[in-house]
Structure formats: C-alpha cells, structure tokens
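Understanding the architecture of this molecule
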Amino acid sequence: MDIGLFLLAFGLFSAISGGWVALNVRGSATALDRWAETNAELRRHAQGDLGPATRSTSPAIFRYFGTGIGLSGTVLALIGLAMLL
C-alpha cells in the first residue's frame, strides 16, 4: 500500500509539472529555453570564448519533453491508484 501511495503522489506531481511545461503555461517552456541559453553562454564564457552561445534547442523541445513527462506521470498515478484500490 505504501508504494501505491508513493506512485500516486509522484505520478500526480509529474503529470502536473509536465503538463505545465507541455502547455507552456505562463511561458514555462520559453523560460526553460532562456535558462538553458544563459547556462550555455556562461559555460562558454568560463572556457574563454566570448562569442554568442550557439542555439541547440528550442522551446518546442521542452514542450515535447513536458508531454512525455506528463503522460508518464499520468500512467504512474493510475498505477498507484489501482494499487490503492
């Protein structure tokens, strides 16, 4: 019963946070993209390269990852609910 409760709680958290990014609620996917770009720029500056950071991702990638995490979280929540019943 304990693992079912854990799976339910973790699944709900994953489904909500993944859905938040997948649906780009309040610009979360674009914020993650800006955060990744800033980290890439800081990493290049630390290595001595003062040029602009190369873009390797887009907000769409974060939305796809969010969709996968949200769907996986939904499956985990359903498994946890089934174990509790």
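Quick caveat: nothing in here was measured; it's all calculated off a predicted structure.

1. Focus on the overall build of the protein chain
- Helix and strand counts for the protein chain come out as three helices and zero strands.
- Along its sequence from the N terminus, the protein chain presents helices and strands in the succession α-α-α.
- Here the C-alpha atoms of the protein chain give a radius of gyration of 17 Å, more than 25% beyond the 12 Å that 2.2 N^0.38 yields for 85 residues.
- Seen through its C-alpha atoms, the protein chain measures out along the principal axes to roughly 60 × 25 × 15 Å.

2. Quick look at the side chain of Asp 33
- Of note, Asp 33 is situated in helix α2 (residues 28–46).
- A relative accessible area of 7% means that Asp 33 is categorised as buried.
- Setting aside anything within four residues of it in sequence, one finds Asp 33 in contact with Arg 55, Thr 57, Ser 58, Pro 59 and Phe 62.

3. A word on the pattern of salt bridges
- Going through the model one piece at a time under the given rule, you end up with one salt bridge.
- For Asp 49, the salt bridge is made with Arg 44, and the minimal N-O distance between the two is 2.3 Å.
- According to the relative accessible area criterion, Asp 49 is partly exposed, its value standing at 33%.

4. Quick look at the environment of Ser 58
- Turning to its location among the elements, Ser 58 is positioned in the loop between α2 and α3 (59–84).
- Along the primary structure Ser 58 and Leu 32 are separated by 26 residues, whereas in three dimensions their C-alpha atoms are 9.4 Å apart.

5. A closer look at a nonpolar patch on the surface
- Taken together, the side chains of Ile 3, Phe 6, Phe 10, Val 75, Ile 79 and Met 83 define a hydrophobic patch exposed on the protein surface, amounting to about 560 Å² of accessible area.
- Of all the elements in the fold, those that place two or more residues in the nonpolar patch are α1 (2–22) and α3.
- Tracing the sequence through the fold places Phe 6 in helix α1.

6. Details of the confidence of the model for the protein chain
- Per-chain confidence: the protein chain averages 87 in pLDDT, with 98% of residues scoring 70 or above.
- Taken element by element, the predicted model of the protein chain shows its lowest mean pLDDT in α2 (86) and its highest in α1 (91).

7. Some details on the side chain of Ser 28
- Residue placement: Ser 28 occurs in helix α2.
- Relative accessible area serves as the criterion here: at 12%, Ser 28 is assigned to the buried category.
- Excluding residues within four positions of it along the chain, Ser 28 makes contact with Trp 20 and Val 21.

Conventions adopted
Residues numbered from 1 in each chain as written. Predicted model: local features only at pLDDT ≥ 70, side-chain atom pairs only at ≥ 80, totals over all residues. Heavy atoms only, no water. Helix = DSSP H or I, 4+ residues; strand = E, 2+ residues; numbered from the N terminus. Rg over C-alpha atoms; globule rule 2.2 N^0.38 Å. Buried < 20%, exposed > 50% of the residue type's maximum accessible area, 1.4 Å probe, protein only. Contact = heavy atoms within 4.5 Å. Salt bridge = Lys/Arg side-chain N within 4 Å of Asp/Glu carboxyl O. Patch = residues over 30% accessible without salt bridge, like charges linked within 9 Å, V, L, I, M, F, W, Y side chains within 5 Å. Areas by Shrake-Rupley, 256 points an atom, 1.4 Å probe, with all protein chains shown as cover. pLDDT = per-residue confidence, 0-100.

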